[in-house]
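Spelled out, the chains give:
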Amino acid sequence: MQVIPPALEALIEQFSKLPGVGKKTAARMALNILRKPPNLAQNLGNALLQLHGSIQLCSNCFTFSETEPCAICSNPRRTRETVCVVEQSGDLLAIEKTGVFPGHYHVLHGALSPVDGVGPDEIKIRELVTRIRRKDITEVIIATSSTVPGEATASYITDVLETEKVKITRLACGIPMGMDIKYADKYTLAKAIEGRCDAL
Ligand SMILES: [Zn+2]
């Protein structure tokens, strides 16, 4: 006997395919939508249908965009000589929120992870090299995560760009703001000591 109505079951199934959403959360989300007025489901459905139709990858930096090129790449006030390399568009948004980076980006859409079948051809590394050779880029800031795949990606990019005439920098790693150093783990503290900078 079918306990859950098929339409609800189908929605739970689709929600549970999203990252970080388990079956329980998916069921909660689906039931929540069901309890709200029908126009919420309608608006949600319309927004989902329009997603792929109106958003594409910027051909320059590969972030998701409704325009070609994206708003960042087409902004004349941004410094095109500096390119910040990130794993995902979400990382780009996080850096944009700081308001301190005036340059351009390059979104890799992943990080190297041979165990998961992600090699250099699966992410936008070749496109990065082509871009650096084609444009007047003087500095590449590698802003991949401090994870095993993120570090592997950073060192691969550093190797690949070694022969190019470009300065390569990496985001500083270390103690978070407001943290007492005696509570930092030894790896974070070691990174902070290695990446120390001049006290201004
Ligand atoms: Zn762009």
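Please refer to the structure placed before this passage.
This section reports on the structure supplied with the text.

Assignment of secondary structure puts glutamate 87 in the loop between strand 3 (79-86) and helix 4 (89-98). For the buried residue glutamate 87, which engages in no salt bridge, the nearest side chain bearing the opposite charge is arginine 170, 6.9 Å off. Setting aside residues up to four positions removed in sequence, glutamate 87 forms contacts with Val107, Leu108, His109, Gly110, Ala111, Thr144, Ser145 and Gly150.

Taken together, the side chains of Leu44, Leu48 and Leu51 present a nonpolar region at the surface, about 260 Å² in accessible area. Examined against the element boundaries, leucine 44 turns out to sit in helix 3 (residues 38-54).

If you trace the 4 strands from one edge of the open sheet to the other, you get 4-3-5-6, paired in parallel fashion. In the strand order of this sheet, the two ends are held by strand 4 (103-107) and strand 6 (167-170), each with one partner. Between one strand axis and the next, the sheet turns by 25° as a mean value, whatever way the strands run. Two elements, strand 5 (residues 139-142) and strand 6, share 4 bridges in a ladder whose sense is parallel. Residue pairing for strand 6: glutamate 139 is matched across the bridge by lysine 167. Of the strands in this sheet, strand 3 and strand 4 touch helix 4, which is tilted by about 160° from strand 4.

Moving on to the side chain of glutamate 139. Looking at where glutamate 139 falls in the secondary structure, it is placed in strand 5. When sequence neighbours within four positions are dropped, the list of residues in contact with glutamate 139 reads Glu81, Thr82, Val83, Val166, Lys167 and Thr169.

What counts, and at which threshold
- Residues numbered from 1 in each chain as written.
- Predicted model: local features only at pLDDT ≥ 70, side-chain atom pairs only at ≥ 80, totals over all residues.
- Heavy atoms only, no water.
- Helix = DSSP H or I, 4+ residues; strand = E, 2+ residues; numbered from the N terminus.
- Buried < 20%, exposed > 50% of the residue type's maximum accessible area, 1.4 Å probe, protein only.
- Lys, Arg positive; Asp, Glu negative; His and termini not counted.
- Salt bridge = Lys/Arg side-chain N within 4 Å of Asp/Glu carboxyl O.
- Contact = heavy atoms within 4.5 Å.
- Patch = residues over 30% accessible without salt bridge, like charges linked within 9 Å, V, L, I, M, F, W, Y side chains within 5 Å.
- Areas by Shrake-Rupley, 256 points an atom, 1.4 Å probe, with all protein chains shown as cover.
- Pairing = 2+ DSSP bridges.
- Axes fitted to C-alpha atoms, helices over the stretch in contact; angles between N-to-C directions.

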